[in-house]
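So you can see what is in the structure, the chains are spelled out below.
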Amino acid sequence: MPTILGQNQYGKAENRVVRIVRDGDTHHIKDLNVSVALSGDMAEVHYSGSNANVLPTDTTKNTVYAFAKEHGIESAEQFGIHLARHFVTSQDPIHRARIRIEEYAWERIATSDAGETKHSFVRKGQETRVSQITYDGEKWEIISGLKDLTVLNSTDSEFWGYVKDKYTTLREAYDRILATDVSARWRYNWTDDAEPMPNWEKSYERARRHMLHAFAQTYSLSLQQTLYQMGTRIIDSCGEIDEIRFSLPNNHHFLVDLEPFELKNETADGAVYFAADRPYGLIEATVLRDGVEPRIPVDLTNL
């Protein structure tokens with residue numbers, strides 16, 4: 001049976017880029033992991049091995065580092081826009097560029113004798129910021145977000161009234177710990193160079209802030225309810241965002257049985273829990289601005 005070539009792309013993955021900006025004695029750091037994927041007229045290299053239309057992946061790597069110096073890194077999104085535009089407009093065979101970026105945050109080290117230091121940093125362990133920038137020569141698609149943002153409410157969470165069958169052993173909970181590791185992606189409605197571009201840094205901080213406030217302020221009867229409130233808060237507060245996709249593991253905390261030691265665990269002054277890492281419930285959903293069609297992939301592991 002004859003075969004034909006389907007979707008294909010190539011590029012350089014996971015280019016680690018650290019840029020230091022020295023403002024006198026005060027230094028600023030940007031730490032990115034950049035992956036480039038290019039597609040276009042690439043059939044012949046698959047059929048015959050001809051590299052006539054192939055920009056070497058080593059060149060894409062060099063471009064990432066050169067652009068970090070030439071253009072700086074104002075934000076992950078802006079840096080990805082510079083790269084995507086360059087690859088599509090500078091090479092005729094390349095019709096589409098997808099730039100995926102992870103950003104690792106650093107904060108200054110505060111010392112007891114000198115206050116906040118100017119050039120010493122510690123890696124933040126809260127979350128990783130992520131971005132995907134796609135350009136086809138005419139339209140942009142910018143998807144940003146974060147992963148591994150661990151949050152916990154020690155009360156104001158219940159879970160009861162659910163379906164029960166002969167395999168159900170879970171007891172209803174009227175005061176429980178609610179904890180999750182947030183993975184979220186949101187899509188901007190900016191698609192055209194003729195439109196005003198969002199302030200990517202401020203938009204990220206605003207979306208993150210509203211997400212955390214919604215988590216903290218929602219009296220939760222289910223993690224699904226909390227998820228929807230987080231997404232709604234972002235959509236309502238950030239006019240530049242039309243869609244957000246969440247993947248939230250339910251990090252279960254179980255009361256430890258202390259009766260063998262003649263100890264009553266759950267008392268007014270607190271309790272001791274076992275934090276289980278697996279198995280875990282996994283709650284996933286998309287929240288959309290009314291009238292908007294979903295475009296973020298359902299499976300965030302591929303984004």
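Computed from a predicted model, the values in this text were never measured in an experiment.

Engineer: Kindly report on the nonpolar core, identifying the contributing residues and their values.
Structural biologist: Within the largest apolar cluster, 54 residues are counted, with the highest numbers of intra-cluster contacts made by Val34, Phe79, Ile99, Val182, Trp186, Met211 and Phe246. Excluding anything up to four places from it in sequence, Trp186 contacts Ile142, Ile143, Ser144, Gly145, Leu146, Tyr204, Ala207, Met211, Ile241, Glu243, Ile244 and Ile296.

Engineer: Please set out the sheet that holds strand E3 (residues 94-103) residue by residue, giving values where relevant.
Structural biologist: Spatial strand order, E1-E2-E3-E6-E7-E8-E9-E12: 8 strands in an open sheet with antiparallel pairing. Pairing within the sheet leaves two strands with one partner each, and these edge strands are strand E1 (15-23) and strand E12 (281-288). Going from strand to strand, the sheet's axes swing by 20° on average, the running direction of each strand aside. Across the sheet, helix H3 (residues 76-90) touches strand E2 (26-40), E3, strand E6 (128-135) and strand E7 (140-153), and the angle it forms with E3 is around 160°. The strands touched by helix H5 (residues 223-237) within the sheet are strand E8 (178-188), strand E9 (241-250) and E12, with E9 carrying the most contacts at an inclination of about 155°.

Engineer: Go over the environment of Tyr47 with me, naming the residues and quoting the values.
Structural biologist: Looking at where Tyr47 falls in the secondary structure, it is placed in helix H1 (residues 43-47). Sequence separation of Tyr47 and Glu103 is 56 residues, and the distance between their C-alpha atoms is 37 Å. With sequence-adjacent residues up to four places away left out, Tyr47 is seen in contact with Ile4 and Leu5.

Engineer: Explain the pairing of E2 to me, and be specific about the residues and the numbers.
Structural biologist: For a regular strand, side chains alternate in direction, first toward one face of the sheet and then toward the other. Counting buried positions over the 15 residues of E2 gives 11, a clear majority of the element. The pairing of E1 with E2 spans 9 bridges and is antiparallel. By the bridge assignment for E2, Arg19 is matched with Lys30. Hairpin connection from E1 to E2: 2 residues lie between these consecutive antiparallel strands, with Gly24 at a positive phi of about 65°. Two strands pair when backbone bridges link them, and E2 and E3 are joined in this way by 9 bridges, in the antiparallel orientation. The partner of Ala37 across the bridge, within E3, is Arg98.

Rules behind the numbers
Residues numbered from 1 in each chain as written. Predicted model: local features only at pLDDT ≥ 70, side-chain atom pairs only at ≥ 80, totals over all residues. Heavy atoms only, no water. Core = buried A, V, L, I, M, F, W, Y, C linked by side-chain atoms within 4.5 Å. Buried < 20%, exposed > 50% of the residue type's maximum accessible area, 1.4 Å probe, protein only. Contact = heavy atoms within 4.5 Å. Pairing = 2+ DSSP bridges. Helix = DSSP H or I, 4+ residues; strand = E, 2+ residues; numbered from the N terminus. Axes fitted to C-alpha atoms, helices over the stretch in contact; angles between N-to-C directions.

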